[in-house]
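Descriptive structure summary
Here's the letter readout for the chains.
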Amino acid sequence: QVQLVESGGGLVQSGGSLRLSCAASGSISSFDVMVWYRQTPGKQRELVAIIDSRGSTSYVESVKGRFTISKDNAKNTVYLQMNSLKPEDTAVYYCKLDQPVRFRSYWGQGTQVTVSS
């Protein structure tokens, strides 16, 4: 089992920054892939950023150049640095851990990000 605990959400003005953290504990593997998603009411969960076991990253087009995903393997923590935030970034942000070797996935509880105009 894996537990994911997110933190760092909050209220920020347009143009501001936030850093989300997702701390993982439990049966973590070096092959794990970490993903940040976001969801607004009435919409499907959207993949925002992904970082694989080698540190390769990928982003949804709408956040490229503004968001940065990173990880600290020693702390088993993944981060999402969000800069130049826009009201349309307002959502609940979730982290997800994929274990392709074990065919398992785990979700965090979500953290609210609200960007005021």
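Bear in mind that the values here come from a model prediction, so they are computed numbers and not experimental data.

A separate point is the overall build of the chain. Counting its regular elements, the chain contains zero helices and eleven strands. Whereas a compact globule of 117 residues would reach a radius of gyration of roughly 13 Å, the chain reaches 14 Å, a difference of no more than 12%. In the chain, buried positions account for 41% of the 117 residues. Restricting to contacts in the chain with at least 6 residues of sequence separation, those with at least 24 account for 53%. Here the chain carries 13 positive and 9 negative side-chain charges, and the mean point of each set is 2 Å from the other.

Moving on: the environment of Tyr 59. Mapped onto the fold, Tyr 59 is located in strand β6 (residues 57-59). Residue class for Tyr 59 comes out buried when judged on its relative accessible area of 19%. Linking Tyr 59 and Cys 95, residues 36 residues apart in sequence, is a C-alpha distance of 14 Å. Residue contacts for Tyr 59: discarding those within four places in its chain leaves Val 48, Ala 49, Lys 64, Phe 67, Thr 68 and Ile 69. A distance of 2.9 Å separates the side chain of Tyr 59 from the backbone nitrogen of Ile 69, its partner in a polar contact.

Another point: the nonpolar core. Leu 4, Trp 36, Leu 80, Met 82 and Tyr 93 are the most contacted members of the largest nonpolar core, which totals 27 residues. Listing elements by their share of this core, those giving two or more residues are β1 (2-7), β3 (18-26), β4 (33-39), β5 (46-51), β7 (67-72), β8 (77-82), β9 (91-99) and β11 (111-116).

To continue, consider the layout of surface pockets. Empty space within the largest pocket amounts to approximately 200 Å³. Among the secondary structure elements, those contributing two or more residues to the lining of the largest pocket are β7 and β8. Taken together, the residues that form the lining of the largest pocket break down as five nonpolar, six polar and three charged.

Turning our attention to the state of the cysteines. A complete count under the given rule lists one disulfide for this structure. A sulfur-sulfur separation of 2.0 Å characterises the disulfide bridge that pairs Cys 22 with Cys 95. The chirality of the disulfide connecting Cys 22 with Cys 95 is right-handed, given an S-S dihedral of about 50 degrees. Of the two residues, Cys 22 is situated in strand β3 and Cys 95 in strand β9; the sequence distance between them amounts to 73 residues. A relative accessible area of 0% places Cys 95 in the buried class.

Turning our attention to unusual backbone geometry. With the exception of glycine, most residues fall at negative phi, and the peptide bonds are largely trans. The phi angle at Asn 76 is positive, at roughly 50 degrees, despite the residue not being glycine. Along the chain, Asn 76 turns up in the loop between β7 and β8. For Ser 84, which is not glycine, the phi torsion reads 50 degrees and is therefore positive. The residue Ser 84 is located in the loop between β8 and β9 in this model.

Within this structure, the stated rule accounts for six salt bridges. Of the charged contacts, one joins Asp 52 and Arg 54 as a salt bridge, the two residues approaching to 3.6 Å between their closest N and O atoms. Overlapping salt bridges bring together Arg 38, Glu 46, Arg 66 and Asp 89 as one network.

Basis of the calculations
Residues numbered from 1 in each chain as written. Predicted model: local features only at pLDDT ≥ 70, side-chain atom pairs only at ≥ 80, totals over all residues. Heavy atoms only, no water. Helix = DSSP H or I, 4+ residues; strand = E, 2+ residues; numbered from the N terminus. Rg over C-alpha atoms; globule rule 2.2 N^0.38 Å. Buried < 20%, exposed > 50% of the residue type's maximum accessible area, 1.4 Å probe, protein only. Contact = heavy atoms within 4.5 Å. Lys, Arg positive; Asp, Glu negative; His and termini not counted. Charge placed at Lys NZ, Arg CZ, Asp CG, Glu CD. Polar contact = N/O pair within 3.5 Å; in protein donor to acceptor, adjacent residues only side chain to side chain. Core = buried A, V, L, I, M, F, W, Y, C linked by side-chain atoms within 4.5 Å. 1 Å grid on protein atoms, 1.4 Å probe; cavity = no way out; pocket = protein on both sides within 12 Å on 5 of 7 lines; lining within 4 Å. Points joined across faces, edges and corners; volume = space filled by probe spheres on them. Nonpolar A, V, L, I, M, F, W, Y, C, P; charged D, E, K, R; others polar. Disulfide = S-S within 2.5 Å. Salt bridge = Lys/Arg side-chain N within 4 Å of Asp/Glu carboxyl O.

These values are about where atoms sit, not about what they do.
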